[in-house]
Amino acid sequence: CKMIRHTINLKERSYPICITTNFDELGKAVLSLRTGKKVMIVTDENVDGFHSEECISRLEESGFEVYKHVLVPGEEHKTIDAVYGIYKKLIEYKLDRSSSLVALGGGVVGDISGFAAATYMRGINFIQIPTTLLSQADSSVGGKTGVDFDGHKNAVGAFYQPKLVYMNVNTIKTLPKREVSAGLAEVIKHGFIMDEEFCEYLNYNAQKIFAFDENVLQFLAKRNVSIKGSVVEQDEKEDDLRAVLNLGHTIGHAIETARNFELLHGECVAIGMVGAFKLSRYMDILPESVVDQVKAMLVKLELPVSLPGMDVDRVFDQIFYDKKVKDNKLKFILPRKIGEVFQCTIEDTGLLKKVLFDLA
Ligand code: NAD
Ligand code: ZN
């Protein structure tokens, strides 16, 4: 196997991302961080049966003293209670500031564990082992951690960078297909933002992705990490530049909430991205043919491009509750073409409504 190494360079420090096809070098990678011997793996019930045992063996072979804590899976358990449970175990097993906390799982496990790592003893070493396409492409890179609170998504959290991200791309083989597609929405989003060629690559290799071709998966992870990494390197704390990552998310989040989370986040983002392209279309920034091309690409990745029966008024109102709406001015990330976006304030909300009707 060939390991691909990428480094994220931030103002205060940098950290490595290993993109590989197995767990063979996990022990070595963690050893190179020169941290203490104690490690606690946090995972969830779904991931535990597939990957914990091997990760634990690899770490023990390298001399680590490994503990494990298993969370109940699901966004509805991304709560402060889950963090409380982790603190209890960290104290029980006597982990200190030299110890490491490893998140083995998807974005939910990563966000919860990262927040626990950021706050336990004012910060202990944090390592991410993302096991969903979404977490490999998106959430494991960038340092956002946190939990939902009283129904408010990601209401409590911290920016906290991991010491290491170890991606075994083969872990996604056990993911339900719907989760793979949802992850692909964030993957192709990176292409829509700044890499037209990558979109073409995804379009061409869609079948190989669903067949879990190792080389294709490794390439995907590499491109994602370098695109998201480059944005985060320039704007770690989301001032302006990092906002480009929100393509499709204004409409997407509104649909997600209006539909009470019955659709996966990535599915809503896919519909939201079609909406963003349509907005650009109505503003004469790009032709209808590009909207059609984008839809065809999303369909190939088995993603929805509309939501028949959608309650337009409800989604419209929800958009205004979105945290990015200030003084009734809607800030949107809009495409100029495939591979280039810009930030734009939408004054004509009638146009937005027209787009939502198109999507419904
Ligand atoms: P998830 O962690 O809930 O994983 C999806 C499902 O797949 C879960 O049921 C999980 O148990 C299961 N699973 C995970 N890995 C598996 C595997 N290898 N095989 C079989 N099943 C597996 O969800 P997700 O889509 O990975 O992440 C979504 C979360 O990420 C949201 O809470 C979102 O807010 C967050 N997020 C964070 C950032 C960030 O920058 N921190 C960015 C995007 C999303
Ligand atoms: Zn997203």
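Per chain, residue numbering runs from 1 following the sequence as it is written. Ligands are numbered from 1 and chains lettered from A, in the order in which they are written. pLDDT decides what is reported in this predicted model: residues at 70 or higher carry local features, side-chain atom pairs at 80 or more are listed and counted, and totals for whole chains, interfaces and linings draw on all residues regardless. As a convention, hydrogens and water are excluded, and side-chain values are obtained from all of the structure's heavy atoms.

J.: If you had to explain the overall build of the protein to someone new, which residues and values would you point to?
T.: Counting from the N terminus, the helices are DSSP H or I runs at least four residues long and the strands are E runs at least two residues long. Looking only at helices and strands, the protein features 13 helices and 11 strands. Taking 360 residues into account, the globule formula puts the C-alpha radius of gyration at 21 Å, and the protein, at 20 Å, falls close to it. Each of the three principal axes of the protein carries a C-alpha extent, and together these read 60 × 40 × 35 Å. Contacts: residue pairs with any heavy atoms within 4.5 Å of one another. Considering only contacts within the protein whose residues lie at least 6 apart along the sequence, 75% involve residues at least 24 apart. Each accessible area value is a Shrake-Rupley result obtained with a 1.4 Å probe; residue values ignore everything except the protein chains displayed when judging cover. About 15,600 Å² of surface is accessible on the protein, with carbon and sulfur atoms providing 49% of the total. Counted charges follow a simple rule, with Lys and Arg positive, Asp and Glu negative, and His plus the chain ends left uncounted. Charged groups are reduced to one reference atom each: NZ for lysine, CZ for arginine, CG for aspartic acid, CD for glutamic acid. Each charge sign in the protein was given a centre, from 44 positive and 50 negative side chains, and these centres are 4 Å apart. What the globule rule says is 2.2 Å times the number of residues to the power 0.38, and the radius of gyration is computed from C-alpha atoms.

J.: Tell me about the coordination of the zinc ion (ligand 2), residues and numbers included.
T.: With distances of 1.9 to 2.1 Å, the protein atoms coordinating the zinc ion (ligand 2) are Glu186 (OE), His249 (NE2) and His265 (NE2). Spacing between the donor residues of the zinc ion (ligand 2) along their common chain follows E-x62-H-x15-H. Residue Glu186 is found in helix H6 (residues 177–194), and its partner His265 is found in helix H10 (residues 265–282); the two are separated by 79 residues along the sequence. Coordinating donors are taken as N, O and S atoms within 2.8 Å of the metal, stretched to 3.2 Å for Na, K and Ca; because water is absent from the atoms, sites can appear incomplete.

J.: Account for the site of ligand 1, with residues named and values stated.
T.: To be near a molecule or strand, a residue needs just one of its heavy atoms within 4 Å of it. Taken together, 25 residues surround ligand 1, and among them Asp44, Glu75, Gly107, Thr132 and Thr174 come closest. Think of a polar contact as two N or O atoms within 3.5 Å of one another; within protein, one of them needs to be a possible hydrogen donor and the other a possible acceptor, and neighboring residues in sequence only count if both atoms come from side chains. Here an oxygen atom of ligand 1 and a backbone polar atom of Gly107 are 2.7 Å apart. Note that a nitrogen atom of ligand 1 is positioned 2.7 Å from one of the side-chain N or O atoms of Thr174. Computed on the free molecule, ligand 1 has an accessible area of 860 Å², of which 86% lies beneath the protein chains in the complex. For the shell around ligand 1, the elements supplying multiple residues, two or more each, are helix H2 (45–61), helix H4 (107–119), helix H5 (133–139) and strand S8 (152–159). Here the shell around ligand 1 gets 4 residues from one element, more than from any other, and that element is H2. Classes in brief: Ala, Val, Leu, Ile, Met, Phe, Trp, Tyr, Cys and Pro nonpolar; Asp, Glu, Lys and Arg charged; the others, Gly included, polar. Of the residues in the shell around ligand 1, the class split is 6 nonpolar, 10 polar and 9 charged.

J.: Could you give an account of the sheet that holds strand S6 (residues 125–130), naming the residues involved and the relevant values?
T.: Paired strands, in this sense, are two strands between which DSSP finds at least two bridges. Strands sit in the order S1-S2-S9-S6-S5-S3-S4 across an open sheet of 7 strands; the sheet is mixed. Of all the strands in the sheet, just strand S1 (4–9) and strand S4 (65–71) have a single pairing partner and so form its edges. Going from strand to strand, the sheet's axes swing by 20° on average, the running direction of each strand aside. Most of the contacts of H4 go to strand S5 (residues 100–105), to which it runs at about 165°, and overall it touches strand S3 (38–44), S4, S5 and S6. To obtain each axis, a line is fitted to C-alpha atoms, and for helices this fit is confined to the stretch in contact; angles are then taken between N-to-C directions over 0 to 180 degrees.

J.: Report on the pattern of salt bridges, specifying residues and quantitative values.
T.: Just to be clear on terms, a salt bridge is a Lys or Arg side-chain nitrogen sitting within 4 Å of an Asp or Glu carboxyl oxygen. Tallying each qualifying case throughout the model produces 20 salt bridges. Lys189 is the salt-bridge partner of Glu186, the closest N and O atoms lying 2.9 Å from each other. One end of the pair, Glu186, and the other, Lys189, are both in helix H6, 3 residues apart, so they sit about a helical turn from each other. Neither Glu186 nor Lys189 differs from the other in exposure class; each is buried. Across the pair Glu340 and Arg336 runs a salt bridge, and its minimum N-O distance is 3.0 Å. The classification of residues rests on relative accessible area computed with a 1.4 Å probe and restricted to protein chains. Under 20% of the type maximum is buried, over 50% is exposed, and intermediate values are partly exposed.

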